[in-house]
Amino acid sequence: MAEAASGGLERVTEAVRQAPGRGLPPVHLWNPSHCGEIDIVIKKNGQWHHEGAPIGREALVRLFSTVLRKDPDGFCLVTPVEKMKITVEDAPFVAVRVDRATNESGGEALRFLTNVGDVVEAGPENEIRVENDPKTGEPHPYLHVRRGLEALIARPVFYELVDMAEERETEAGPQLGVISNGAWFAVGPARAHQV
């Protein structure tokens with residue numbers, strides 16, 4: 001079984017390397033007939049594991065991240081010839097940095113860097129959302145990266161967002177949020193900053 005899984009990893013790696021073009025491959029257009037599973041787990045901290053061991057080659061993780069897709073039945077690595085289901089414990093990526101930037105039209109943007117090298121500007125198409133743990137109230141902030149794939153915003157980065165936040169009056173009451181590319185995103189529940 002381990003040999004088959006290792007073979008699957010090698011096949012996916014080879015297929016990804018042969019995929020045409022630059023930039024992100026068009027995984028949303030690929031519908032390979034061969035489907036299976038591979039023992040890859042993306043941990044909550046964003047670390048990729050294969051057969052229980054961390055994948056130490058950063059270039060390989062970046063390569064795999066370009067063919068990651070979220071389907072109705074879960075996350076998978078997709079090539080033109082193969083689709084291999086994997087496990088993701090939380091979000092597949094982690095936003096490890098945020099910077100204030102000026103967008104193309106001269107407006108303000110928040111530009112994030114993920115653990116796999118994606119640079120994403122928050123905005124109407126790449127929303128920031130914060131879920132609060134129902135038991136502890138602890139925030140779990142996320143950034144949409146591409147096609148349903150999200151990055152968990154690392155705690156230090158989230159603290160930076162909270163420092164940048166400004167209060168706005170909402171239907172639920174005063175709420176802290178940030179603006180990026182003309183969109184406003186709440187960073188916590190209404191009145192939470194007043195407690």
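Residues numbered from 1 in each chain as written. Predicted model: local features only at pLDDT ≥ 70, side-chain atom pairs only at ≥ 80, totals over all residues. Heavy atoms only, no water.

Let us look at the confidence of the model for the protein chain. On average, the protein chain scores 87 in pLDDT, and the residues at 70 or more come to 87%. Looking across the protein chain, the model is least confident in helix α1 (residues 2–18), with a mean pLDDT of 54, and most confident in strand β12 (residues 149–153), with 98. Within the model, pLDDT remains below 50 along residues 1–6, and this stretch shows 6 contacts once partners closer than five positions in the same chain are excluded. (pLDDT = per-residue confidence, 0-100. Helix = DSSP H or I, 4+ residues; strand = E, 2+ residues; numbered from the N terminus. Contact = heavy atoms within 4.5 Å.)

As for its placement among the helices and strands, S65 is situated in helix α2 (residues 58–65). In contact with S65, not counting residues within four places along its chain, are W48, F93, V116 and R146.

This next bit is on the pairing of strand β4 (residues 68–71). Note on strand geometry: in a regular strand, side chains alternate between the two faces of the sheet. Inspection of the sheet shows β4 paired to strand β5 (residues 74–78) by 4 bridges, in the antiparallel sense. From the neighbouring strand, L68 faces β5, where its bridge partner is L77. In sequence, β4 turns back onto β5 through a hairpin of 2 residues. (Pairing = 2+ DSSP bridges.)

All right, on to the pairing of strand β1 (residues 34–42) then. Two strands pair when backbone bridges link them, and β1 and strand β6 (residues 82–88) are joined in this way by 6 bridges, in the parallel orientation. Each bridged residue has a counterpart across the sheet, and for I42 the counterpart in β6 is V88. Across 3 bridges, the pairing between β1 and strand β2 (residues 48–50) is antiparallel. Among the inter-strand pairings, I42 is bridged to a residue of β2, identified as W48. In this structure, the hairpin formed by β1 and β2 is closed by a connection of 5 residues, where G46 is found at a positive phi of approximately 90 degrees.

So, on to the sheet that holds strand β7 (residues 93–102). Strand pairing within a sheet occurs via backbone hydrogen bonds; the two strands may be parallel or antiparallel. If you walk across this open sheet you meet the 6 strands as β9-β8-β7-β12-β11-β10, and the pairing is mixed. At either end of the open sheet lies a strand with only one pairing partner, and these are β9 (119–121) and β10 (128–132). With strand direction ignored, the average angle separating the axes of adjacent strands in the sheet is 40 degrees. Inspection of the sheet shows strand β11 (residues 139–146) paired to β12 by 4 bridges, in the antiparallel sense. Residue pairing for β12: Y142 is matched across the bridge by L152. The strands touched by helix α3 (residues 155–164) within the sheet are β7, β8 (108–114), β10, β11 and β12, with β7 carrying the most contacts at an inclination of about 30 degrees. (Axes fitted to C-alpha atoms, helices over the stretch in contact; angles between N-to-C directions.)

This part covers unusual backbone geometry. Its identity is not glycine, yet E51 carries a phi of approximately 55 degrees, on the positive side. Mapped onto the elements of the fold, E51 is located in the loop between β2 and β3 (53–54). Of note, N181 is a non-glycine position whose phi angle comes to about 50 degrees, a positive value. Positionally, N181 belongs in the loop between β14 (173–180) and β15 (183–186).

Among the residues of α2, those classed as buried are L60, V61, F64 and S65. Taken end-on, α2 shows its buried residues confined to a sector of 140 degrees, consistent with a single buried face. Of the residues in α2, the exposed ones pointing more than 90 degrees away from the buried face are E58 and A59. (Buried < 20%, exposed > 50% of the residue type's maximum accessible area, 1.4 Å probe, protein only. Arc of directions from axis to C-beta.)

Those residues of α3 that sit buried are V157, F158, L161 and M164. Across the axial projection of α3, the buried residues extend over an arc of 115 degrees, all falling on one side. Across α3 from its buried face, at more than 90 degrees, point the exposed residues P156 and D163.

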